[in-house]
Amino acid sequence: MAFDRDLAVVFAAHAARRFPGDSAGWEMLAATGARSLRMAHEGRYPARWHLTEAHPDAAEVACRNVALNPDVRADVENADARRGSAAAPFDFVDLDPYGTPVPFVPFALAALRDFGVLGVAATDMAVLAGAAGDACQRRYGARPVRGRLGPEGGLRVLLAYLDRQAAEGGRAIEPLIAYVGSHHVRAFVRVVPIRSVGERPIATIDETSWDGPPLGRGSPWGPLWTGPLFDPTTVDELREGPGLEHPDRVRRFLAIVREEARVVAPFTYEPNELAHRLHRSEPIAPAELVARLRRAGYVAARSHVRDGAVRSDAPRAVVEAVAR
Ligand SMILES: C[S@@+](CC[C@H](N)C(=O)[O-])C[C@H]1O[C@@H](n2cnc3c(N)ncnc32)[C@H](O)[C@@H]1O
């Protein structure tokens, strides 16, 4: 949680540099306002905040927290975020639910300006990452990936869902930072007019034609977002500023995703999994796997999704040959 708020602060500081001047944000599910107040106080973005919180006690604490931060321009409303906000449109909307963001997504998208950014989390990983496949179909209209690669599959189910929802309003999403957390997934996506983007990178993956990392059983999977998880320009410009709770973890994360942003390929390989499948006693070191794939002419980088995970656009047969 604190790490996610750290990243939100880092993103806010970046947005403040890119878009100085007036800007408006809405934290739909504010609880005590910790996320928006940290973004405003430490990141200086957005310039003005509107907070909604349904629980009266939490809303009262949020009001007190706003009063404790006189440098922050914010108002708190004890209200249901599914009523929308009279203060719309916003440049930034944060949607941080317990569980699924689905009931709130239409209201978040409707409240965003074109080119505004939605920060959205989902913690219903049993649904998104495969253990409850029927629920994923009902909730997100998708078949999930199970097992080792389930969390990234869940992130891609969520992004595909957001893009389809945005399309209903003539818009599309562009992920700026979309990542797999410890028990959740989170994304910052820009919402743009659909006419300004190309064909949507959304597909259903069938195991008979899929030559990326093995996804186990249960094909077809999706629809999944198969496009980039990171915007390289945004990621390059993120800077870990002072005051973060987990500065080392943020620094490590940014170092990995700056490289990972160059590799647009769904799902990752892991040396242990490769060694097991290829009957090798010694797994190849992740750095060595990356170096050999690059020497073979492919893009490859370590991934943030798991320790040792490697992302590459090389076909599975090439990765396996290199790992042997
Ligand atoms: C995960 S917490 C938010 C945490 C907060 N964003 C933070 O970083 O500290 C979710 C909050 O949403 C509130 N909530 C749930 N349903 C709501 C609704 N329909 N409208 C507004 N708030 C709601 C809950 O009371 C809870 O405080």
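Residues numbered from 1 in each chain as written. Predicted model: local features only at pLDDT ≥ 70, side-chain atom pairs only at ≥ 80, totals over all residues. Heavy atoms only, no water.

Colleague: Can you help me understand the site of the ligand in this one?
Modeller: Inspection of the region around the ligand gives 19 residues, with Arg 5, Glu 53, Asp 80, Ala 81 and Asp 96 positioned closest. At 2.8 Å from a nitrogen atom of the ligand is found a side-chain nitrogen or oxygen belonging to Asp 80. Backbone polar atom of Ala 81 to a nitrogen atom of the ligand: 2.9 Å apart, as the coordinates give it. Burial of the ligand by the surrounding chains reaches 86%, relative to a free accessible area of 610 Å². Taken together, the residues of the shell around the ligand sort by class into eleven nonpolar, one polar and seven charged. (Near = heavy atom within 4 Å. Polar contact = N/O pair within 3.5 Å; in protein donor to acceptor, adjacent residues only side chain to side chain. Areas by Shrake-Rupley, 256 points an atom, 1.4 Å probe, with all protein chains shown as cover. Nonpolar A, V, L, I, M, F, W, Y, C, P; charged D, E, K, R; others polar.)

Colleague: Could you clarify how one ought to interpret the domain arrangement of the chain in this entry?
Modeller: Interface size is commonly expressed as the accessible area that is lost once the parts come together. In terms of domain boundaries, the chain breaks down into domain 1 (2–260) and domain 2 (271–323). The centre of domain 1, based on its C-alpha atoms, is set 29 Å off from the matching centre of domain 2. Taken together, the 18 residues of domain 1 in the interface contact twelve residues of domain 2. Summing both partners gives a buried area of about 1300 Å² for domain 1 against domain 2, and 51% of it is carried by carbon and sulfur. It is Arg 148, Ile 256 and Glu 260 that lose the most area in domain 1 upon contact with domain 2, and together they represent 41% of the buried surface on that side. Inspection of the domain 1/domain 2 interface yields four salt bridges. (Domains from an automatic or database assignment. Contact = heavy atoms within 4.5 Å. Buried area = accessible area lost by both parts, 1.4 Å probe. Salt bridge = Lys/Arg side-chain N within 4 Å of Asp/Glu carboxyl O.)

Colleague: Explain the packing of helix H11 (residues 286–295) against helix H12 (residues 316–323) to me, please; I cannot follow it from the model alone.
Modeller: How two helices pack is summed up by the angle between their axes together with the distance between the axes. Look at H11 against H12: their axes get within 10 Å of each other, and the N-to-C directions meet at 120 degrees. The orientation of H11 relative to H12 falls into the category oblique. The interaxial crossing formed by H11 with H12 has right-handed handedness. Contacts between H11 and H12 involve Leu 289, Arg 292 and Leu 293 from the first element and Val 318, Val 319 and Val 322 from the second. Counted by class, the contact of H11 with H12 contains five nonpolar, no polar and one charged residues. (Axes fitted to C-alpha atoms, helices over the stretch in contact; angles between N-to-C directions. Helix = DSSP H or I, 4+ residues; strand = E, 2+ residues; numbered from the N terminus. Parallel < 35°, antiparallel > 145°, perpendicular 65-115°, else oblique. Left-handed = near helix turned anticlockwise from the far one by under 90°.)

Colleague: Is there a simple way to think about the nonpolar core in this case?
Modeller: Soluble globular proteins tend to bury their nonpolar side chains together. Judged by nonpolar contacts, the single largest core of 87 residues is most densely connected at Met 28, Leu 95, Leu 118, Tyr 140, Leu 159 and Leu 162. Considering every element that reaches this core, the biggest residue donor is helix H1 (residues 2–18), with nine residues. Grouped together as the second largest cluster of nonpolar side chains are 13 residues, Leu 274, Leu 293, Val 310 and Ala 314 included. (Core = buried A, V, L, I, M, F, W, Y, C linked by side-chain atoms within 4.5 Å. Buried < 20%, exposed > 50% of the residue type's maximum accessible area, 1.4 Å probe, protein only.)

Colleague: Sorry, what's going on with the pattern of salt bridges here?
Modeller: Side-chain pairs of opposite charge can arise where the charged atoms are in close proximity. Under the criterion given, the structure shown has 31 salt bridges. When the shortest N-O distance is used, the salt bridge between Asp 124 and Arg 139 registers 2.9 Å. Remark: Arg 139 occurs in helix H6 (residues 133–140) and Asp 124 occurs in the loop between strand E5 (112–122) and helix H5 (125–128); sequence separation between them is 15 residues. Take Asp 124: its relative accessible area is 7%, and that puts it in the buried class. Measuring nitrogen to oxygen at the nearest pair gives 2.9 Å for the salt bridge that ties Arg 311 to Glu 260. Here the residue Arg 311 occupies a position in strand E11 (residues 310–312), and Glu 260 occupies one in helix H9 (residues 247–260), the gap between them amounting to 51 residues. Note on Arg 311: relative accessible area 2%, which makes it buried. The class of Glu 260 is buried, set by a relative accessible area of 1%. Counted as one network, the salt bridges with shared partners bring together Arg 148, Glu 270, Glu 273, Arg 277, Arg 306 and Glu 320.

Colleague: What exactly am I supposed to notice about the pairing of strand E7 (residues 185–193) here?
Modeller: With eight of its nine residues buried, E7 lies for the most part within the structure. Here E5 pairs with E7 via six bridges, running antiparallel. The partner of Val 117 across the bridge, within E7, is Arg 190. The pairing of strand E6 (residues 171–180) with E7 spans nine bridges and is classified as antiparallel. Note that in E7 the partner of Ile 173 across the bridge is Val 191. (Pairing = 2+ DSSP bridges.)

Colleague: What's the story with the sheet that holds strand E3 (residues 73–77) in this structure? I'm lost.
Modeller: Whenever strands of a sheet pair, they do so through backbone hydrogen bonds, lying parallel or antiparallel. With mixed pairing, the seven strands of this open sheet are ordered in space as E3-E2-E1-E4-E5-E7-E6. The open sheet has two free edges, formed respectively by E3 and E6, since each of these has just one partner strand. Neighbouring strand axes in the sheet, compared pairwise and without regard to direction, differ in orientation by 15 degrees on average.

Colleague: Please explain H6 as it appears in this structure.
Modeller: Because an α-helix packs 3.6 residues into every turn, residues spaced three or four apart end up facing the same way. Within H6, the full set of buried residues consists of Gly 133, Ala 135, Cys 136 and Tyr 140. In a view along the axis of H6, the buried residues occupy a sector of 155 degrees, so they form one face of it. Of the residues in H6, the exposed ones pointing more than 90 degrees away from the buried face are Asp 134 and Arg 138. Buried-residue contacts for H6 involve E5, H5 and helix H7 (150–167). Phi turns positive, to about 65 degrees, at Gly 141, one or two residues after H6. (Arc of directions from axis to C-beta.)

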